[in-house]
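Residue-level listing of the chains:
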Amino acid sequence: MSQLPDPAQSRQPDHAIEPLIYRRWSPRAMTGEPISQEELLTLFEAARWAPSTYNEQEWRFLYARRETSQWPAFFGLLMEANQLWCQHAAMLVVILSHKVFAKNGQPNPVHLFDCGSAFENLALQGTAMGLVVHGMAGFDFERAQRELKVPEDYAIAAMFAVGRPGDPDKLPEKLRQMEAPSGRRPVKESIIEGPYVSP
Ligand SMILES: Cc1cc2nc3c(=O)[nH]c(=O)nc-3n(C[C@H](O)[C@H](O)[C@H](O)COP(=O)(O)O)c2cc1C
């Protein structure tokens, strides 16, 4: 039985940052074991403390645990490529984002940005707890909106899977080859001092 690689072995930041940040990655190998209610609430607690415009906390999380009757509705939204590995997840989550300000119903231009912050908080917490947290865009957004009865003032932001780390050798061959922490472009290629200039 193999184990998932440790990202700290292959990821070398160019500038010293908190190790939790580069230890977070998106594995696909999971055991299928459940997570406890306390673990579940701890993950969402981490999301709760994310910053947001006017403290709007635009995020809402719809979730399904694998051993429950909610699971098929969530699992069925995923593209086949994601179903292949998500069948061994403990929980699937759909992130909803409140599109308008609670106080006046006006459009909120940063609602998705704030949901992204909440997801990253949760992903970092999951990493600290030794869990897999893997974001997904590969699912049917329209069906999610309709079938999960999401009101019109909420957008579907993304989905993610949570589970216990599993044996990468049990993944289908194509996915097994991809099961390694990725790198990043140099920070200098992401920043510009002053107005935009083409690289
Ligand atoms: C919003 C979002 C959508 C993603 N969609 C998918 C997906 O549908 N399927 C998948 O296997 N990985 C998906 N990923 C994982 C990314 O491919 C991964 O985060 C990226 O390659 C960086 O690797 P790392 O998370 O391991 O650092 C998604 C990640 C995010 C944040």
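Look up: the structure comes first, before these words.
Residues numbered from 1 in each chain as written. Predicted model: local features only at pLDDT ≥ 70, side-chain atom pairs only at ≥ 80, totals over all residues.

A.B. asks: Tell me about the overall build of the protein chain, and please be specific about residues and values.
C.D. replies: The secondary structure content of the protein chain amounts to eight helices and four strands. Taken from N to C terminus, the helices and strands of the protein chain fall in the order α-α-α-β-α-α-β-α-β-α-β-α. For a compact globule of 199 residues, the expected C-alpha radius of gyration is about 16 Å, and the protein chain comes in at 18 Å, within 12% of that figure. With the C-alpha coordinates of the protein chain rotated into their principal frame, the extents come out at 55 × 50 × 30 Å. Relative to its full complement of 199 residues, the protein chain shows a buried share of 29%. (Helix = DSSP H or I, 4+ residues; strand = E, 2+ residues; numbered from the N terminus. Rg over C-alpha atoms; globule rule 2.2 N^0.38 Å. Buried ≥ 20, exposed ≤ 12 C-beta atoms within 10 Å, placed from the backbone.)

A.B. asks: I'd like a description of helix H6 (residues 111–128), backed by residues and values.
C.D. replies: Over its 18 residues, H6 extends 26 Å from the first C-alpha to the last, a length consistent with the 26 Å expected when each residue adds 1.5 Å. Looking only at H6, the buried set comprises His111, Asp114, Cys115, Ala118, Phe119, Asn121, Leu122, Ala123, Gln125 and Gly126. Where the residues of H6 are buried, they touch helix H3 (37–48), strand E1 (59–65), strand E2 (91–98), strand E3 (132–136) and strand E4 (154–163). At the exit of H6 stands Gly130, carrying a positive phi of roughly 75°. (Expected span 1.5 Å × (residues − 1). Contact = placed C-beta atoms within 7 Å.)

A.B. asks: Pulling in residues and values, what's your account of the pairing of E4?
C.D. replies: Where burial is concerned, most of E4 is hidden: eight out of the 10 residues are buried. With eight bridges connecting them, E2 and E4 associate as antiparallel partners. Residue pairing for E4: His98 is matched across the bridge by Tyr154. With five bridges connecting them, E3 and E4 associate as antiparallel partners. (Pairing = 2+ DSSP bridges.)

A.B. asks: Explain the nonpolar core to me, and be specific about the residues and the numbers.
C.D. replies: If you look at the biggest cluster of nonpolar residues, it comprises 39 residues, and the most contacted ones within it are Leu92 and Val162. Among the secondary structure elements, those contributing two or more residues to this core are H3, E1, helix H5 (80–86), E2, H6, E3 and E4. It is E4 that contributes the most residues to this core, seven residues altogether. (Core = buried A, V, L, I, M, F, W, Y, C linked by C-beta atoms within 7 Å.)

A.B. asks: So what about H3? Which residues, and what values?
C.D. replies: The terminal C-alpha atoms of H3, which comprises 12 residues, lie 16 Å apart, in line with the 16 Å expected from a rise of 1.5 Å per residue. When H3 is considered as a whole, its buried residues turn out to be Leu43, Ala46 and Ala47. For H3, the angular spread of buried residues about the axis comes to 105°, placing them on one side. Exposed residues on H3 whose side chains face more than 90 degrees from its buried face are Gln37, Glu38, Leu41 and Glu45. Elements in contact with the buried residues of H3: E1, H6 and E4. (Arc of directions from axis to C-beta.)

A.B. asks: Any details on the packing of H3 against H6? Residues and values, ideally.
C.D. replies: Relative to each other, H3 and H6 sit at 140°, their axes nearing to 7 Å. The angle between H3 and H6 places the two elements in the oblique class. For the pair H3 and H6, the crossing hand works out as right-handed. From H3, Thr42, Leu43, Phe44, Ala46 and Ala47 reach across to H6, where they touch Ala118, Phe119, Asn121, Leu122, Leu124, Gln125 and Gly126. For the contact of H3 with H6, the class distribution of residues is eight nonpolar, four polar and no charged. (Axes fitted to C-alpha atoms, helices over the stretch in contact; angles between N-to-C directions. Parallel < 35°, antiparallel > 145°, perpendicular 65-115°, else oblique. Left-handed = near helix turned anticlockwise from the far one by under 90°. Nonpolar A, V, L, I, M, F, W, Y, C, P; charged D, E, K, R; others polar.)

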